[in-house]
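This is what each chain is made of:
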Amino acid sequence: MTVVETGARARTMDFEAGDVGYVQQTLAHYIENTGNEDLRFLEMFKANRYEDMSLSEWLSHTPPELVMAHLDIDKATYDALPKEKPVLMPR
């Protein structure tokens, strides 16, 4: 899991079965299964309403000049970024 903080800081942690991670409210985060088995995790929120915004949605609502400058990418790379949130459904 990677948690992205302000000031261009990010922290990536590896988890094993039974581990618990915490993401501070309002911080962006990303979870990737790097193993060979199916990943099962429980995500809990301290809120009465769930909201979700994918990284691709977030980037597409940020001025392109800022995204390119902060990620140090060119226009072609920016244009190749997905502009819509992928939907994942269980099998």
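What you are looking at is a predicted structure, and each value in this text was computed from that prediction instead of being measured.

Caption draft 1: Just the pairing of strand S1 (residues 2-5), in detail. Where S1 lies against strand S2 (residues 9-12), four bridges are found, and the strand directions are antiparallel. Paired with Glu5 across the two strands is Arg9, which belongs to S2. Joining the antiparallel neighbours S1 and S2 is a turn of three residues, in which Gly7 adopts a positive phi near 75°. Bridge count for S1 against strand S3 (residues 28-30) is three bridges, and the pairing is antiparallel. Bridging from a neighbouring strand, Val3 pairs with His29 of S3.

Caption draft 2: The arrangement of the pattern of salt bridges in detail. Applying the stated rule across the entire model yields two salt bridges. Note that Arg9 and Glu5 form a salt bridge whose closest N and O atoms lie 3.3 Å from each other. Given a relative accessible area of 32%, Glu5 falls into the partly exposed group. For Lys75, the salt bridge goes to Asp79, with nearest N and O atoms at 2.9 Å. Remark: Asp79 and Lys75 occur in helix H3 (residues 75-80); sequence separation between them is four residues, near one turn of the helix. For Lys75, a relative accessible area of 49% puts it in the partly exposed group.

Caption draft 3: The environment of Glu5, seen in detail. Inspection of the secondary structure assignment puts Glu5 in strand S1. Counting along the chain gives 68 residues from Glu5 to Ile73, while the straight-line C-alpha distance between them is 20 Å.

Caption draft 4: Expanded view of the sheet that holds S2. Spatial ordering of the open sheet is given by S2-S1-S3, a layout of three strands whose pairing is antiparallel. The open sheet has two edge strands, S2 and S3, and neither has a second partner. The average undirected angle you get between the axes of adjacent strands in this sheet is 20°.

Caption draft 5: Representation of the side chain of Thr2 in the model. The residue Thr2 is located in strand S1 in this model. One polar contact links Thr2 to Thr12, side chain to side chain, over a distance of 2.7 Å. The residues contacting Thr2, other than those within four sequence positions of it, are Ala10, Arg11, Thr12, Ala28, His29 and Tyr30.

What counts as what
Residues numbered from 1 in each chain as written. Predicted model: local features only at pLDDT ≥ 70, side-chain atom pairs only at ≥ 80, totals over all residues. Heavy atoms only, no water. Pairing = 2+ DSSP bridges. Helix = DSSP H or I, 4+ residues; strand = E, 2+ residues; numbered from the N terminus. Salt bridge = Lys/Arg side-chain N within 4 Å of Asp/Glu carboxyl O. Buried < 20%, exposed > 50% of the residue type's maximum accessible area, 1.4 Å probe, protein only. Axes fitted to C-alpha atoms, helices over the stretch in contact; angles between N-to-C directions. Polar contact = N/O pair within 3.5 Å; in protein donor to acceptor, adjacent residues only side chain to side chain. Contact = heavy atoms within 4.5 Å.

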